[in-house]
Amino acid sequence: MTAQQIANLVNAGAKHEVRTRLKRLSLKDRLPKLWEITPYVNQSPETLHFFRENFSQELGALMMAKGDIEKAEKLYNQAKVS
C-alpha cells in the first residue's frame, strides 16, 4: 500500500484494516512506511485522529530522528521501556 492509499482508506473509514496491516509489519518495516505517510497525517481530522491514536509513538520517534530510521527505532524502543 502506498501512503496515499493508506490515507484514502483511513478517510473512507477502513481504519481497522489500515491499523491491522501496519501493526503486522515489524518495526523495521513499519517505520519507513510511517515516514512516507507523514505528509498525509494532517490531511483531514480523520487521519490526524487515526495516527494520533494508533501510531503517535512511532511518528514521534521519526520526527525526533528527522527521518533517520535506525535512530527512530532506538528512540521508540527507549520510550517503550520508560
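Our subject is the structure listed above.
Residues numbered from 1 in each chain as written. Predicted model: local features only at pLDDT ≥ 70, side-chain atom pairs only at ≥ 80, totals over all residues. Heavy atoms only, no water.

A. Expanded view of the overall build of the protein. Scanning the protein from N- to C-terminus turns up five helices and zero strands. In terms of C-alpha radius of gyration, the protein reaches 12 Å, essentially the compact-globule figure of 12 Å for 82 residues. In terms of its C-alpha atoms, the protein occupies a principal-axis envelope of roughly 35 × 20 × 20 Å. Contacts in the protein between residues far apart in sequence, at least 24 positions, make up 60% of those at least 6 positions apart. On the protein, roughly 5,100 Å² of surface is accessible, and the fraction owed to carbon and sulfur atoms is 51%. (Helix = DSSP H or I, 4+ residues; strand = E, 2+ residues; numbered from the N terminus. Rg over C-alpha atoms; globule rule 2.2 N^0.38 Å. Contact = heavy atoms within 4.5 Å. Areas by Shrake-Rupley, 256 points an atom, 1.4 Å probe, with all protein chains shown as cover.)

B. Molecular detail of helix α1 (residues 3–12). Among all positions in α1, only A3, I6, A7 and V10 are buried. Buried residues of α1, viewed axially, fall in a sector of 95°; they line one side. Its buried side turned inward, α1 meets α2 (15–24), α3 (27–37) and α4 (45–64). The positive-phi residue at the C-terminal boundary of α1 is G13, with phi of around 100°. (Buried < 20%, exposed > 50% of the residue type's maximum accessible area, 1.4 Å probe, protein only. Arc of directions from axis to C-beta.)

C. Spatial organisation of the nonpolar core. Within the largest apolar cluster, 19 residues are counted, with the highest numbers of intra-cluster contacts made by L22, L34, I37, F51, F55 and L59. Residue assignment for this core shows that the elements contributing at least two residues are α1, α2, α3, α4 and α5 (69–81). Excluding residues that lie within four positions of it along the chain, I37 makes contacts with A3, I6, L22 and F51. (Core = buried A, V, L, I, M, F, W, Y, C linked by side-chain atoms within 4.5 Å.)

D. Representation of the environment of E58 in the model. Looking at the element boundaries, E58 is found in helix α4. Accessibility expressed as a relative area gives 2% for E58, which makes it buried. Expressed as a C-alpha distance, the spacing of E58 and A72, which sit 14 residues apart in the sequence, is 7.7 Å. Excluding residues within four positions of it along the chain, E58 makes contact with K23, L27, R30, L31, L34 and Y76. For E58, the side chain forms a polar contact with the side chain of R30, separated by 3.3 Å. (Polar contact = N/O pair within 3.5 Å; in protein donor to acceptor, adjacent residues only side chain to side chain.)

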